[in-house]
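Listed here are the chains, written in short residue letters.
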Amino acid sequence: MSNINKITVTTLLTLLVLHTTCIVLHPAYAQSIIPLQVSPARQELLVNPGETTSFTIRLYNFDTSPILGGIHVNDFIVKNHAKPIFIEDVNQASPKYSASRWITNNYDTISIPAQEKQSLVMNITVPADAKPGGRYLAVYFEPTSKVPSAGDLGAISQEAGSAIAPRIASLVYIRVKGPIHEEASIIRFFAPFFQEYGPITVTTSILNNGDYHINPRGILAAENMLGSSIQQSLLKEQNIFPESSSDYQTTIGEKWMVGRYKIDLTTSYGEQGKALSRSIYVWVFPWKLALVILLGLILLMLMVKYVGKTMNKRQKDLEDRIQEEKEQIDLLKEKLKTRN
């Protein structure tokens, strides 16, 4: 092998090893978990326009070493009941739901001692012209490095250069007092028109067009063709943020169902208890099983018919044979009479 080929092979092997190492190490780094707990995970504040108040957040460090990090305040949005999305640039946040500018953050960098907690008091000043409705922000702690202990002084240079990516946040729902607009709609209420077996899976999507998050409460009820209720299922309770929708997957009924079923959805939401309703019809029929049963019945009928036909033929043959023997006996009797 020439020197050029040896260099090429060595280079390729080195790149392959480095690529494999990156693939193996990257997921372990991405899945790292900081030993912190925040309380409360979420809280709701009711404030007046022009009011100045405060709220408290506590961070618990379960590690055996102190943790150093920064405190940040960002607005967030939630789309389709996914995880909150932090809006890093306050200018990109919707003024209608933004409140990060109202928060006075006196904590730039903090150190949470090992096995202890750190309490943060955040001040909030509500503008006098703040419109009623919901504002949504997150106060989160983002570790930068672990604070080295006395025995780790030799590792200061290494620790100071390594950043820890995960964040731990406390979500704050702010409600500015005053009349708010509450409006929601069912934008999707779907189940297959026909299915072979139960239970029936119903997909529901509710859109919140109001000024504050809602938590709809609903019931799915199924009726058979006779109008009798067969089952009721509760809609899973979950928050729907303004200008966002949430999807629900609900099952109702059991495996063995036959006929047409009416499924009704009734929900209520908001402080005024507004109602939403929708209905759909679903046919359930185990056609494969019914086809097997039908073919079995047809086969059974054919077998019965064949057996009956065979029995009738045998009986007719037997009767014909008996008749022939009877005629022969009568003929013998006549011959004996003639001889006598």
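Residues numbered from 1 in each chain as written. Predicted model: local features only at pLDDT ≥ 70, side-chain atom pairs only at ≥ 80, totals over all residues. Heavy atoms only, no water.

Trainee: Break down the sheet that holds strand E15 (residues 229-234) for me, with residues and values.
Mentor: On the basis of which strands lie adjacent, the open sheet formed by five strands has the order E12-E18-E17-E14-E15 and mixed pairing. Every interior strand has two partners, whereas the edge strands, strand E12 (194-195) and E15, have only one. Of the pairings in the sheet, the one linking strand E14 (residues 217-223) to strand E17 (residues 259-269) comprises seven bridges and is antiparallel in character. Considered in E17, the bridge of Ala222 is made with Ile263. (Pairing = 2+ DSSP bridges. Helix = DSSP H or I, 4+ residues; strand = E, 2+ residues; numbered from the N terminus.)

Trainee: I'd like a rundown of a nonpolar patch on the surface, residues and numbers included.
Mentor: Taken together, the side chains of Phe193, Phe194, Met225, Val258, Trp283, Phe285, Trp287, Leu291, Leu294, Leu295, Ile298 and Leu302 define a hydrophobic patch exposed on the protein surface, amounting to about 1,200 Å² of accessible area. The element best represented in the nonpolar patch is helix H3 (residues 287-339), accounting for six residues. As for its position among the elements, Leu294 is in helix H3. (Patch = residues over 30% accessible without salt bridge, like charges linked within 9 Å, V, L, I, M, F, W, Y side chains within 5 Å. Areas by Shrake-Rupley, 256 points an atom, 1.4 Å probe, with all protein chains shown as cover. Salt bridge = Lys/Arg side-chain N within 4 Å of Asp/Glu carboxyl O.)

Trainee: Tell me what's going on with the packing of aromatic side chains, and back it up with residues and numbers.
Mentor: The full count for this structure, using the stated rule, is nine aromatic pairs. Pairing Phe76 with Phe241 gives two aromatic rings, centres 6.0 Å apart and planes at 75 degrees, and the pair type is edge-to-face. With a gap of 165 residues between them, Phe76 in strand E4 (residues 67-77) and Phe241 in the loop between E15 and strand E16 (244-252) connect regions that are remote in the sequence. The pair formed by Phe76 and Phe241 is uniform in burial state, with each residue classed as buried. Considering the side-chain rings of Phe86 and Tyr140, the 5.1 Å spacing of their centres and the 15 degrees angle between planes classify their relative orientation as stacked. A residue pair is termed long-range when its members are at least 10 positions apart, and Phe86 in strand E5 (residues 85-87) and Tyr140 in strand E9 (residues 133-146) qualify at 54 residues. Chaining the aromatic ring pairs together yields one cluster made of Phe76, Tyr136, Tyr173, Tyr212 and Phe241. Its guanidinium or amino end placed over the ring of Tyr197, Lys255 lies 5.7 Å from that ring's centre, counting from NZ or CZ. (Phe/Tyr/Trp six-rings, centres within 6.5 Å; stacked < 30°, edge-to-face > 60°. Buried < 20%, exposed > 50% of the residue type's maximum accessible area, 1.4 Å probe, protein only. Lys NZ or Arg CZ within 6 Å of the ring centre and 35° of its normal.)

Trainee: Give me the lowdown on the environment of Gly133, citing residues and values where you can.
Mentor: Position of Gly133 relative to the elements: it lies in strand E9. Note on Gly133: relative accessible area 3%, which makes it buried. For the pair Gly133 and His213, spaced 80 residues apart in sequence, the C-alpha separation works out to 9.1 Å.

Trainee: Give a description of the nonpolar core that names residues and reports values.
Mentor: Counting 29 residues, the largest nonpolar core has Phe55, Leu59, Phe141 and Ile174 as its most contacted members. Mapped onto this core, the elements with two or more residues apiece are strand E1 (36-39), strand E2 (42-47), strand E3 (52-61), E4, strand E7 (109-112), strand E8 (117-125), E9 and strand E10 (168-176). The next biggest cluster of nonpolar side chains, apart from the first, holds 23 residues, and it includes Val202, Leu220, Ile263 and Val284. (Core = buried A, V, L, I, M, F, W, Y, C linked by side-chain atoms within 4.5 Å.)

Trainee: An account of the side chain of Asp75 is needed here, citing residue identities and associated values.
Mentor: Residue position: Asp75 is located in strand E4. Arg101 provides the closest opposite charge to the buried, salt-bridge-free Asp75, at an N-O distance of 6.2 Å. There is a polar contact of 2.8 Å between the side chain of Asp75 and the backbone nitrogen of Ala99. Among residues more than four places away in sequence, those in contact with Asp75 are Ile85, Phe86, Ile87, Val90, Ala93, Tyr97, Ser98, Ala99, Ser100, Tyr136 and Leu137. (Lys, Arg positive; Asp, Glu negative; His and termini not counted. Polar contact = N/O pair within 3.5 Å; in protein donor to acceptor, adjacent residues only side chain to side chain. Contact = heavy atoms within 4.5 Å.)

Trainee: So, the pairing of E8: which residues are in play, and what are the values?
Mentor: In terms of strand pairing, E3 meets E8 through nine bridges, oriented antiparallel. What sits directly across from Thr56, in E8, is Val121. With two bridges connecting them, strand E6 (residues 103-104) and E8 associate as antiparallel partners. Each bridged residue has a counterpart across the sheet, and for Ile103 the counterpart in E8 is Ile124.

Trainee: Talk me through the pattern of salt bridges; I want residue IDs and the actual numbers.
Mentor: Oppositely charged side chains can form a pair if their charged atoms are brought close together. Tallied over the entire structure, the rule returns eight salt bridges. Lys96 is the salt-bridge partner of Asp211, the closest N and O atoms lying 3.2 Å from each other. One end of the pair, Asp211, is in the loop between strand E13 (200-208) and E14; the other, Lys96, is in the loop between E5 and E6, with 115 residues separating them in the sequence. A residue is classified by how much of its surface remains accessible, and Asp211, at 13% relative accessible area, is buried. For Arg217, the salt bridge goes to Glu237, with nearest N and O atoms at 3.6 Å. Highlighted residues: Arg217 in strand E14 and Glu237 in the loop between E15 and E16, separated in sequence by 20 residues. When salt bridges that share partners are traced, they join Glu88, Glu142 and Arg167 into one network.

On their own, these measurements won't tell you what the molecule is for.
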